[in-house]
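Geometric and topological summary
Here is how the chains run, residue by residue.
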Amino acid sequence: MANILIATGNAHKFQEIEAIMGKVAALNLVYLDKSYRVEIIEDRETYEENAKTKVEGYLKFLDENQELKAKLNFDFIVSEDSGLEVECLGGAPGLFTARYVGENASDTANIEKLLNDMKLKKECAGSRHAKFVCYACLYDIKKNNFEYFYGELNGLIAGEISGTKGFGYDPVFFIQAFNKTAAQLNSSEKNKISHRATAFKKVAEAVSKREQCKSDDK
Ligand code: ITT
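These notes cover the structure that comes with them. All values derive from a computational prediction rather than experimental measurement. (Residues numbered from 1 in each chain as written. Predicted model: local features only at pLDDT ≥ 70, side-chain atom pairs only at ≥ 80, totals over all residues. Heavy atoms only, no water.)

Attention now moves to the overall build of the chain. Of the regular secondary structure elements, the chain holds 7 helices and 7 strands. For the chain, the C-alpha radius of gyration of 18 Å lies close to 17 Å, the compact-globule estimate for 218 residues. Referenced to the eigenvectors of the C-alpha coordinate spread, the extents of the chain come out at roughly 60 × 35 × 25 Å. Looking at the chain residue by residue over its 218 residues, the buried ones come to 45%. Sequence-distant contacts, at least 24 apart, represent 62% of the contacts inside the chain between residues at least 6 apart. Here the chain displays about 11600 Å² of accessible surface, and carbon together with sulfur accounts for 49% of that area. Positive and negative side-chain charges of the chain, numbering 30 and 33 respectively, have mean locations separated by a distance of 3 Å. (Helix = DSSP H or I, 4+ residues; strand = E, 2+ residues; numbered from the N terminus. Rg over C-alpha atoms; globule rule 2.2 N^0.38 Å. Buried < 20%, exposed > 50% of the residue type's maximum accessible area, 1.4 Å probe, protein only. Contact = heavy atoms within 4.5 Å. Areas by Shrake-Rupley, 256 points an atom, 1.4 Å probe, with all protein chains shown as cover. Lys, Arg positive; Asp, Glu negative; His and termini not counted. Charge placed at Lys NZ, Arg CZ, Asp CG, Glu CD.)

What follows is the structure, given as structure tokens:
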């Protein structure tokens, strides 16, 4: 079975990725929580580059922690960079979604800023269209090869928060097909339609294919 490191410090993301990939194939997914203090500086100009930077940060961390590296014996490292793009704000917060208010901003503070910015922008009176985007990066350790997979979810930004599930901007991300915000969906509903679901189903399929080729070669 493939050993895969999910390179994120966000526990909510890991739970979603585990549920999504687990439906496609039997894979051994590992997450190093914040206690491992993996340092990542997300300062690149595209989501793909940021996702690659996250993989590189974890590679460096494992190189500095050889015992852990040998014990976990990963075949793949997978990261993702995601964001919220609001049409009437010209695609903002985009690459700055996690830190819209600043470094270590809370979800509540980010949402407040988003709703305030939208109140001040006259274009937002007519259109509240938005999308979540997810760029997943699959790194094959033996092949030293990076591959990228994309997913998006379209919705509208609600005027106020509703729901307590999910994370991040879910309480204001309204999905018309469900007539609910993402924070009102249960996890299995969100994990069927989300930007992360689309990208990570493709990741799981790519890993399965590679594992199949390896066993055919034997
Ligand atoms: P890692 O970099 O450690 O993976 P992060 O939370 O910092 O975790 P990003 O840099 O990719 O992740 O920031 C993406 C932000 O976009 C995230 O913090 C949320 O605020 C928001 N976001 C992404 N996906 C979301 C989702 O499914 N629901 C709500 N908000 C989401």
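This part is about the sheet that holds strand 7 (residues 180–181). On the basis of which strands lie adjacent, the open sheet formed by 7 strands has the order 2-1-3-4-5-6-7 and mixed pairing. The open sheet terminates on both sides in strands that have one partner only, identified here as strand 2 (28–31) and strand 7. Sheet topology places strand 6 (residues 173–175) next to strand 7; 2 bridges connect them, and they run antiparallel. Its bridge partner lying in strand 7, I175 is registered against K180. Of the strands in this sheet, strand 1 (3–6), strand 3 (76–86), strand 4 (129–140) and strand 5 (145–157) are in contact with helix 7 (residues 195–217), which crosses strand 5 at around 155°. (Pairing = 2+ DSSP bridges. Axes fitted to C-alpha atoms, helices over the stretch in contact; angles between N-to-C directions.)

Before going further, it helps to examine the pattern of salt bridges. According to the stated counting rule, one finds 15 salt bridges in the structure shown. Close ionic contact of K190 with E16 constitutes a salt bridge, the shortest N to O distance being 2.8 Å. Of this pair, K190 sits in helix 6 (residues 187–193) while E16 sits in helix 1 (residues 11–24), and the two are 174 residues apart along the sequence. E16 matches K190 in its accessibility class, with the two residues each being buried. In this structure, R210 and E147 form a salt bridge, with 2.4 Å as the shortest nitrogen-oxygen distance. One end of the pair, R210, is in helix 7; the other, E147, is in strand 5, and 63 residues separate them in sequence. Connected through shared salt-bridge partners, K13, E16, E80, D170, K190 and R196 make up one network. (Salt bridge = Lys/Arg side-chain N within 4 Å of Asp/Glu carboxyl O.)

Near the ligand, the surroundings consist of 19 residues, among which T8, K13, K54, D170 and K190 are the closest. In the environment of the ligand, an oxygen atom lies 3.0 Å from a nitrogen or oxygen atom belonging to the side chain of N10. In the model, an oxygen atom of the ligand is placed 2.7 Å from a nitrogen or oxygen of the K13 side chain. When the ligand is considered free in solution it has 610 Å² of accessible area, and contact with the protein chains removes 89% of it. When contributions to the shell around the ligand are tallied by element, the ones reaching two or more residues are strand 3 and helix 7. (Near = heavy atom within 4 Å. Polar contact = N/O pair within 3.5 Å; in protein donor to acceptor, adjacent residues only side chain to side chain.)

A92 connects to P93 through a cis peptide bond whose omega is 0°. Structurally, P93 is set in the loop between strand 3 and helix 4 (107–120). Positive phi values are uncommon outside glycine, yet R37 reaches one of about 50°. As for its position among the elements, R37 is in the loop between strand 2 and helix 2 (47–64).

Quick look at the state of the cysteines now. Per the stated rule, a full pass over the model turns up 1 disulfide. Bridging C88 to C124, the disulfide has an S-S length of 2.1 Å. Because the torsion about its S-S bond is 95°, the bridge between C88 and C124 counts as right-handed. Of this pair, C88 sits in the loop between strand 3 and helix 4 while C124 is found in helix 5 (residues 123–126), placing the two residues 36 residues apart along the sequence. (Disulfide = S-S within 2.5 Å.)

Here we take up the environment of F96. Residue position: F96 is located in the loop between strand 3 and helix 4. On a C-alpha basis, the gap between F96 and S82 in space is 9.7 Å, while along the polypeptide they are 14 residues apart.

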